[in-house]
Amino acid sequence: MTELQELASRIHVCTDCSLSEGRTRAVPGEGPEQADLMFIGEGPGYHEDQQGRPFVGPAGQFLEQLLASIGMSRDQVFIANMIKCRPPNNRDPLPGEVAACSKYLDRQIQLVAPKVIVTLGRHSLVKFLPGATISKAHGKAVRKEGFILYPIYHPAAALHQQSLRSVIEEEFKAIPSLLQEQVVLPQAEEPARQLSLL
Ligand code: URA
């Protein structure tokens, strides 16, 4: 068993916060350990909770279309979330839940060591750029220690707000050149936060 798989086994039985009480299945995240590209969403919704897999509902279908638009598929990328268990009624994760779960995501980032991390929406954005707002930060890649951070809107936002669809589609097109590091990037203003070790 790889360390990523061991981590997933631990997540499946985790009871470190009360979200474990309401979940059907925890959703550790998935993808190859050697992935150059990692997506970080918010947390599992209904479909993800049922299946134990990230981004398998409508937002996931859009994410797959976006990947196809740059010639990629989901089996080439690592897909994770800020929190691994579905909050009741899909409410926003509470700070204590994010804190309890961050050790898992931090370890996934260390193990996969992606070249590019694409944050989907505001919850994963502020993990890396505390105080940033998605309306200002979207589409602007910055260099962090060890990876390029590329914040974009959450694909679910486009399902609720049609005008964001073309914004996400346009911004997705930059991902291949970020993977090739064919762009000059500013250093992130905030120092990269220490990743916590399990
Ligand atoms: N939205 C997310 O943020 N994550 C998922 O896994 C599914 C929908």
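Up top is the structure.
Just so it is clear, the model here is predicted, and its values are computed rather than measured.

(A) Just the environment of Gly-31, in detail. Inspection of the secondary structure puts Gly-31 in the loop between α2 (19–22) and β1 (37–41). Placed 49 residues apart in sequence, Gly-31 and Ala-80 show a C-alpha to C-alpha distance of 8.7 Å. In contact with Gly-31, not counting residues within four places along its chain, are Val-77 and Phe-78.

(B) Region of interest: the pairing of strand β5 (residues 147–152). The buried count for β5 comes to six of six residues, which makes it a mostly enclosed element. Here β5 shows no split at all, with Phe-147, Leu-149 and Pro-151 on one side and Ile-148, Tyr-150 and Ile-152 on the other all buried. As defined by bridge partners, strand β3 (residues 116–120) adjoins β5 across five bridges and the pair is classed as parallel. Its bridge partner being in β5, Val-116 is matched across the sheet by Ile-148. When strand β4 (residues 142–144) meets β5, the two strands line up antiparallel, connected through three bridges. Counted as the bridge partner of Lys-144 is Phe-147 from β5. Hairpin geometry of β4 and β5 is characterised by an intervening segment of two residues between the two adjacent antiparallel strands and by a positive phi of about 95° at Gly-146.

(C) Fine view of the side chain of Arg-74. Checked against the element boundaries, Arg-74 lands in the loop between α4 (58–69) and β2 (78–81). In this structure Arg-74 comes out as buried when scored by relative accessible area, which is 15%. In terms of polar contacts, Arg-74 uses its side chain to reach the backbone carbonyl oxygen of Pro-54, at 2.8 Å. Polar side-chain contacts of Arg-74 include one of 2.7 Å to the backbone oxygen of Phe-55.

(D) Focus on helix α1 (residues 3–12). Within α1 the residues assigned to the buried category are Leu-4, Leu-7, Ala-8 and Ile-11. Buried residues along α1 cover an arc of 100° about the axis, so they all sit on one side. Tucked inside the fold, the buried residues of α1 contact β2 and α5 (95–112).

Cut-offs applied
Here the residue numbering is sequential within each chain, running from 1 through the sequence in written order. Owing to the predicted nature of the model, reporting of local features is limited to residues with pLDDT of at least 70; listing and counting of side-chain atom pairs is limited to 80 or more, with chain, interface and lining totals taken over all residues. Each side-chain value is worked out from all heavy atoms of the structure, with water and hydrogens disregarded. Helix and strand definitions here come from DSSP, where helices need a minimum of 4 consecutive H or I residues and strands a minimum of 2 consecutive E residues; each element is numbered from the N-terminal end. The criterion used for residue contact is that any of the two residues' heavy atoms lie within 4.5 Å. Buried residues are those whose accessible area, probed at 1.4 Å on protein chains only, stays under 20% of the maximum for their type, while exposed residues exceed 50% and partly exposed ones sit between those limits. Criterion used throughout: strands pair if DSSP finds at least two bridges between them. Within 3.5 Å is the distance limit for a polar contact, defined as a pair of N or O atoms, with the added protein rule that one can donate a hydrogen and the other accept it, and that residues adjacent in sequence qualify only through two side-chain atoms. Comment: arc refers to directions from the helix axis out to C-beta atoms.

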